[in-house]
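Chain and residue survey
Residues per chain are reported as follows:
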Amino acid sequence: MIIYKCVISNDEMFTDSFKVSVSPDDMFYEVEGKIVTRKQGFDDSLISANASAEEASEFTEDATTSGVDIVLNHSLQETGFDKKGYLAYMKDYSKAVKAHLEENSPERVEKFVSNVQGAVKRILSDLKNFQFYTGTSMDPTGIVGALNYREDGITPYMLFYKDGLVLEKCVSTHLNLQLHLSFMNCAKIILS
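Remember, it's a predicted structure, so these values are computed and weren't measured experimentally.

1. Comments concerning the pattern of salt bridges
When the charged atoms of two side chains lie near each other, side chains of opposite charge can form a pair. Summed over all chains, the structure comprises seven salt bridges. Its salt-bridge partner being Lys-5, residue Glu-168 comes within 3.3 Å of it at the nearest N-O pair. Note that Glu-168 is positioned in strand E11 (residues 165-169) and Lys-5 in strand E1 (residues 2-6), a separation of 163 residues in sequence. A salt bridge links Lys-162 to Asp-26; the nearest nitrogen and oxygen atoms lie 2.7 Å apart. In this pair, Lys-162 sits in the loop between strand E10 (156-161) and E11 while Asp-26 sits in the loop between strand E3 (19-22) and strand E4 (28-32), placing the two residues 136 residues apart along the sequence. On the basis of relative accessible area, Asp-26 is assigned to the buried category, the value being 17%. Connected through shared salt-bridge partners, Asp-26, Arg-108, Lys-162 and Asp-163 make up one network.

2. Regarding the packing of aromatic side chains
Ring pairs (aromatic) are described by centroid distance and by the angle formed between their planes. In this structure the tally under the stated criterion is 13 aromatic pairs. Measuring from centroid to centroid gives 6.2 Å for Phe-14 and Tyr-29, while their planes differ by 70°, and the two rings are edge-to-face. In this pair, Phe-14 sits in strand E2 (residues 12-15) while Tyr-29 sits in strand E4, placing the two residues 15 residues apart along the sequence. An identical accessibility class is assigned to Phe-14 and Tyr-29; each is buried. One aromatic cluster in this structure is built from Phe-28, Phe-81, Tyr-86, Tyr-89, Tyr-93, Phe-130, Phe-132 and Tyr-161. Arg-150 extends its terminal NZ or CZ atom over the ring of Tyr-157, reaching a point 4.5 Å from the ring centre.

3. Concerning the sheet that holds E2
The strands that make up a sheet pair up through hydrogen bonds in the backbone, lying either parallel or antiparallel. An order of E2-E1-E11 is seen for the three strands of this open sheet, with the pairing classed as antiparallel. Lying at the two open borders of the sheet, with one neighbouring strand each, are E2 and E11. Pairs of neighbouring strands in the sheet enclose a mean axial angle of 30°, with direction left out of account. Bridge count between E1 and E2: three bridges; the pairing is antiparallel. Looking across to E2, one finds that Lys-5 is bridged to Glu-12.

4. As for the pairing of E4
Counted residue by residue, E4 has four buried out of five residues, so it is predominantly covered. Here four bridges tie E3 to E4, and the two strands are oriented antiparallel to one another. Residue pairing in the sheet places Ser-21 in a bridge with Glu-30 of E4. Between E3 and E4, which pair antiparallel one after the other, the connecting turn spans five residues, and Asp-26 there sits at a positive phi close to 65°. Two elements, E4 and E10, share five bridges in a ladder whose sense is antiparallel. Bridge pairing in E10 places Val-31 opposite Met-158.

Cut-offs applied
- Residues numbered from 1 in each chain as written.
- Predicted model: local features only at pLDDT ≥ 70, side-chain atom pairs only at ≥ 80, totals over all residues.
- Heavy atoms only, no water.
- Salt bridge = Lys/Arg side-chain N within 4 Å of Asp/Glu carboxyl O.
- Helix = DSSP H or I, 4+ residues; strand = E, 2+ residues; numbered from the N terminus.
- Buried < 20%, exposed > 50% of the residue type's maximum accessible area, 1.4 Å probe, protein only.
- Phe/Tyr/Trp six-rings, centres within 6.5 Å; stacked < 30°, edge-to-face > 60°.
- Lys NZ or Arg CZ within 6 Å of the ring centre and 35° of its normal.
- Pairing = 2+ DSSP bridges.
- Axes fitted to C-alpha atoms, helices over the stretch in contact; angles between N-to-C directions.

Structural data, given as structure tokens:
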């Protein structure tokens with residue numbers, strides 16, 4: 001699995017479990033999500049409870065949470081911008097990303113600097129239809145994802161500045177533990 005993290009706050013913003021594409025101007029990761037409803041409550045079956053048909057559970061009303069799966073899965077926090085606020089944020093954010101690129105990916109600096117104004121205009125041209133989300137730390141200097149809906153009005157997608165993210169490959173520790181235990185068993189057999 002690949003985890004996309006903010007280069008400033010180190011917050012996890014999304015993973016490759018979603019449909020991820022790069023915008024034609026190479027400025028955004030466009031992440032497609034779904035509207036989901038999740039039941040929150042206690043599941044008696046998790047403790048092997050077997051309530052009789054006549055006996056109603058004490059907690060019959062389970063709460064539900066609905067929203068965009070990208071937001072819910074990564075506990076993204078909603079924030080808001082007007083045009084002036086977004087421009088002020090992008091001025092500081094662009095400087096921070098440029099400094100990060102100069103240190104870590106100098107070959108991307110020119111492309112970022114030349115295309116960032118067009119990317120900002122893309123967001124501002126439809127500002128009233130975007131919702132904005134920060135990572136769990138709510139770091140005001142970190143990346144802000146912009147949520148909108150496709151033309152069908154049903155399919156949500158989020159835009160994240162590509163150069164404001166670092167990709168981290170995550171390997172299942174469960175698999176590593178299994179391999180380690182298998183290796184240990186093999187070592188015991190060989191030593192015996």
